[in-house]
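# A closer look at the structure
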Amino acid sequence: MPLSEHEQRMLEQMERALYAEDPKFATALEGSGLRTYTRRRVYQAVAGFLVGIALLMAGMVAQQIWISVVGFLVMLGCAVLAVTGWRKAPKPGERQAAGGGGERRQSRQRRTVMNRIEERWQRRRDEQGQ
């Protein structure tokens with residue numbers, strides 16, 4: 001359900017006040033969410049990949065095939081996690097919608113809501129300019 005014009009203005013005022021009072025906290029809030037989660041997941045996958053390499057090498061040195069196989073499987077699993085996490089990560093300026101199933105519908109819905117807001121804004125500017 002879209003916000004009314006009054007609610008939109010109130011929200012914008014609260015955001016501006018938050019930025020004015022504590023810009024560091026406001027930017028920290030922006031960075032949280034899916035992007036931070038996926039970045040953390042990719043870093044963990046890279047660390048796991050390095051552990052897999054160590055296991056592979058240790059298995060070769062100790063001449064224990066099963067250790068090398070486990071190391072290879074760890075490397076493979078972590079590589080898959082890193083690649084899928086990297087692809088799912090939103091771009092720096094992009095906001096992710098809540099919920100995973102209807103992302104297309106929600107993005108279309110957002111576009112129409114944004115179009116309506118822009119149209120209202122233009123109407124107000126035109127009315128004030130006359």
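Below, the structure is looked at part by part. (Residues numbered from 1 in each chain as written. Predicted model: local features only at pLDDT ≥ 70, side-chain atom pairs only at ≥ 80, totals over all residues. Heavy atoms only, no water.)

### A closer look at the overall build of the chain
Let me state the cut-off plainly: Numbering of helices and strands runs from the N terminus; a helix is a DSSP stretch of H or I covering at least four residues, while a strand is a stretch of E covering at least two. The classification of residues rests on relative accessible area computed with a 1.4 Å probe and restricted to protein chains. Under 20% of the type maximum is buried, over 50% is exposed, and intermediate values are partly exposed. Whether two residues are in contact is decided by their heavy atoms: any pair within 4.5 Å suffices.
The helix and strand tally for the chain stands at 5 helices and 0 strands. Beginning at the N terminus, the succession of helices and strands in the chain can be written as α-α-α-α-α. When burial is assessed residue by residue, the chain has 12% of its 130 residues classed as buried. Relative to all contacts within the chain whose residues are 6 or more apart in sequence, the contacts with residues 24 or more apart total 49%.

### Observations regarding the pattern of salt bridges
Cut-off, in case you're wondering: Whenever a carboxyl oxygen of Asp or Glu lies within 4 Å of a side-chain nitrogen of Lys or Arg, that contact is scored as a salt bridge.
Here the structure, examined in full by the defined rule, presents 2 salt bridges. One salt bridge connects Arg 120 with Glu 5, and the closest N-O pair in it is separated by 3.9 Å. Placement of the pair is Arg 120 in helix H5 (residues 103-129) and Glu 5 in helix H1 (residues 5-21), with a sequence separation of 115 residues. Judged by its relative accessible area of 28%, Arg 120 is partly exposed. Accessibility expressed as a relative area gives 32% for Glu 5, which makes it partly exposed.

### Side note on the side chain of Ser 68
Where we set the bar: Pairs of N or O atoms are called polar contacts if they sit within 3.5 Å, as long as, within protein, a hydrogen donor faces a hydrogen acceptor (for residues adjacent in sequence, only side-chain-to-side-chain pairs).
Checked against the element boundaries, Ser 68 lands in helix H4 (residues 65-88). The class for Ser 68 is buried, based on a relative accessible area of 11%. Only 3.3 Å separates the side chain of Ser 68 from the backbone nitrogen of Met 60, close enough to count as a polar contact. Once residues within four sequence positions are removed from consideration, Ser 68 is found in contact with Leu 55, Leu 56, Gly 59 and Met 60.

### Notes on a nonpolar patch on the surface
For clarity, the cut-off: Patch membership requires more than 30% relative accessible area and the absence of a salt bridge. Residues of like charge join within 9 Å; the nonpolar side chains Val, Leu, Ile, Met, Phe, Trp and Tyr join within 5 Å. All accessibility values rest on the Shrake-Rupley procedure with a 1.4 Å probe; residue burial counts only the protein chains present in the view.
On the surface, Ile 65, Val 69, Phe 72, Leu 73, Leu 76 and Val 80 cluster together into a nonpolar patch covering about 590 Å² of accessible area. Mapped onto the secondary structure, Leu 76 falls in helix H4.

### Re unusual backbone geometry
Generally, phi is negative for residues other than glycine and the peptide bonds are trans, each holding for most cases. With a phi angle near 55°, Gln 63 is a residue other than glycine that sits in the positive phi range. If you trace the backbone, Gln 63 turns up in the loop between helix H3 (34-61) and H4. You can call Gln 63 exposed: its relative accessible area is 69%.

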